[in-house]
Protein chains: 2
Amino acid sequence: MKLKLHYLDRSRAMRVTWLLEHIGLPYELIPHKRQENMHAPEALKDIHPLGKAPLLEIDGKVITESVAMVEWIIANHAPQLAPATDSPEYADYLQWLQFSESTAMIPLVLKFIAAREPTPPQNTLAYADSEIEKVYDYVNRQLANKRYIMGDKLTGADFALAFSLIFMKMVYQGKFTHIDRYLADLNQLPSWQKAQQIEQQVLQGK
Amino acid sequence: MKLKLHYLDRSRAMRVTWLLEHIGLPYELIPHKRQENMHAPEALKDIHPLGKAPLLEIDGKVITESVAMVEWIIANHAPQLAPATDSPEYADYLQWLQFSESTAMIPLVLKFIAAREPTPPQNTLAYADSEIEKVYDYVNRQLANKRYIMGDKLTGADFALAFSLIFMKMVYQGKFTHIDRYLADLNQLPSWQKAQQIEQQVLQGK
């Protein structure tokens, strides 16, 4: 099986390199640089009509959605990073995978886009702020007594969630101490550090 | 195993009733009515800190995220509605599950919220419109030669995607003929019709 990862700097692609480096699965990385206006390069549209990244080619088939990539890689190549399908924890696992790009991301994108308006739309920003506070307070409480989001063991749910938490810290000045501790712990993992190196290399055009 | 579904009118809960009715899995439905300001009732916060619905109780454990519920129910109780984990189609299946609440939903929520501002934020609306056009044109083309989103067979990807397409039609006046045909076909399914009846019953407080 041949995996090609189309990597874009400052994108959800980091989820996928972190996981692939963590499990040591061979893959080809194809770097793409954002344009000066921060848009993805037009060339990505030749690979997939949505024109965004990451894209994962699996034996030539192209899929989008970084969390789907994480779930697929784990299901097929690293089952130790997921609870068994018939275990009580499996429902939590699927919940966190979905949560990371829906409930966790929607209010952040809302704030990120609306805050750039010349006249900030007050209702939209107020709604985004109150949702962000509620959602990340919930995550923060979940992490209060757990090393990783599912407990003592790193799972695919962490590979999905961590990016959302980093994005949250970029757009929202919340003080969520358990989230800070969680991200600091992840920062100690060699695979996380390798993923940061890859990001820097793509950013610097190496 | 005992399933309790906390159902909220005009919400993503319809995905879950449609699936449960389709496979004939027993469950208890607990109706919750939106308040006059369209917010979910405060009582939901007693069941889950995020205070939203649907919520699924599985032997007393509560999870959020309607698409996670769909995936969990299928994995454990209706495997015929998903491709095998090691099949080439499995990556597409996971992609559509994620897509339905991330790529497909983010620009719709952006438009839905921003359009209610007294002074509409022009950049935000322009971004939302261009994303919606791109994303649903992609879905429309995917449906051009297929009965369901994965091909001839109904899968969990349809249970996830259909709600997003209905929401799209509520907030965006696009003319996507293949999406219209797809939704009209789904409308013929007895399980879909049953889900609509449940929605009406909850709306009318029955």
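Below is a summary of the structure that appears in this document. (Residues numbered from 1 in each chain as written. Chains lettered and ligands numbered in written order. Predicted model: local features only at pLDDT ≥ 70, side-chain atom pairs only at ≥ 80, totals over all residues. Heavy atoms only, no water.)

### With respect to the overall build of chain A
A count of helices and strands for chain A gives eight helices and four strands. Shown N-terminal to C-terminal, the secondary structure of chain A runs as helices and strands in the order β-α-β-β-β-α-α-α-α-α-α-α. Whereas a compact globule of 206 residues would reach a radius of gyration of roughly 17 Å, chain A reaches 17 Å, a difference of no more than 12%. With the C-alpha coordinates of chain A rotated into their principal frame, the extents come out at 50 × 45 × 30 Å. Scored against the burial criterion, the 206 residues of chain A give a buried share of 56%. When the accessible area of chain A is evaluated, it comes to approximately 8,800 Å², of which 51% is carbon and sulfur surface. (Helix = DSSP H or I, 4+ residues; strand = E, 2+ residues; numbered from the N terminus. Rg over C-alpha atoms; globule rule 2.2 N^0.38 Å. Buried < 20%, exposed > 50% of the residue type's maximum accessible area, 1.4 Å probe, protein only. Areas by Shrake-Rupley, 256 points an atom, 1.4 Å probe, with all protein chains shown as cover.)

### Overview of the pairing of strand β1 (residues 3–8) of chain A
All names here are of chain A. In terms of burial, β1 is largely enclosed, as five of its six residues are buried. Here β1 runs beside strand β3 (residues 55–58); their pairing, made up of four bridges, is antiparallel. Opposite Leu 3, over in β3, you have Ile 58 as the bridge partner. In the sheet, β1 pairs with strand β2 (residues 28–32) via five bridges, with the strands oriented parallel. Its bridge partner being in β2, Leu 5 is matched across the sheet by Leu 29. (Pairing = 2+ DSSP bridges.)

### Quick notes on the interface of chain B and chain A
Residue-level contacts link 46 residues of chain B with 46 residues of chain A. When chain B packs against chain A, the two sides together hide about 4,000 Å² of surface, and 61% of this comes from carbon and sulfur. Per-residue buried area on chain B facing chain A is highest for Leu50(B), Gln98(B) and Ile106(B); these three make up 16% of the total on that side. Counting the contacts that link chain B with chain A gives two salt bridges. Put simply, Asp92(B) and Lys61(A) hold a salt bridge, and the shortest N to O gap is 2.5 Å. The interface formed by chain B and chain A contains 22 residue pairs in polar contact (both at pLDDT 80 or more). Looking at the side of chain B that touches chain A, the elements with two or more residues in it are β4 (61–63), α2 (66–77), α3 (89–99), α4 (106–114) and α5 (122–142) of chain B. Counting residues per element, the side of chain B that touches chain A draws most heavily on α3(B), at eight residues. (Contact = heavy atoms within 4.5 Å. Buried area = accessible area lost by both parts, 1.4 Å probe. Salt bridge = Lys/Arg side-chain N within 4 Å of Asp/Glu carboxyl O. Polar contact = N/O pair within 3.5 Å; in protein donor to acceptor, adjacent residues only side chain to side chain.)

### Some remarks on the relation of the copies chain B and chain A
Note on the copies: chain B fits chain A at an RMSD of 0.0 Å, the axial shift is 0.0 Å, and the rotation between them is 180 degrees. Overall, the copies show the geometry of a two-fold rotation axis. Mapped onto chain A, 100% of the interface residues of chain B again fall at the interface, so both copies present the same surface. (Least-squares fit on C-alpha atoms with pLDDT ≥ 70 in both.)

### Considerations on the sheet that holds strand β1 (residues 3–8) of chain B
The strand order β2-β1-β3-β4 (chain B) describes an open sheet built from four strands, whose pairing is mixed. The sheet terminates laterally at β2 (28–32) and β4 of chain B, the two strands that pair on one side only. Strand-to-strand twist in this sheet, taken as the mean axis angle between neighbours without regard to direction, amounts to 20 degrees. Against the sheet, helix α3 (residues 89–101) of chain A engages β3 (55–58) and β4 of chain B, with an angle of about 20 degrees to β4(B). Docked against the sheet, α2(B) engages β1, β3 and β4 of chain B, running at close to 35 degrees with respect to β3(B). (Axes fitted to C-alpha atoms, helices over the stretch in contact; angles between N-to-C directions.)

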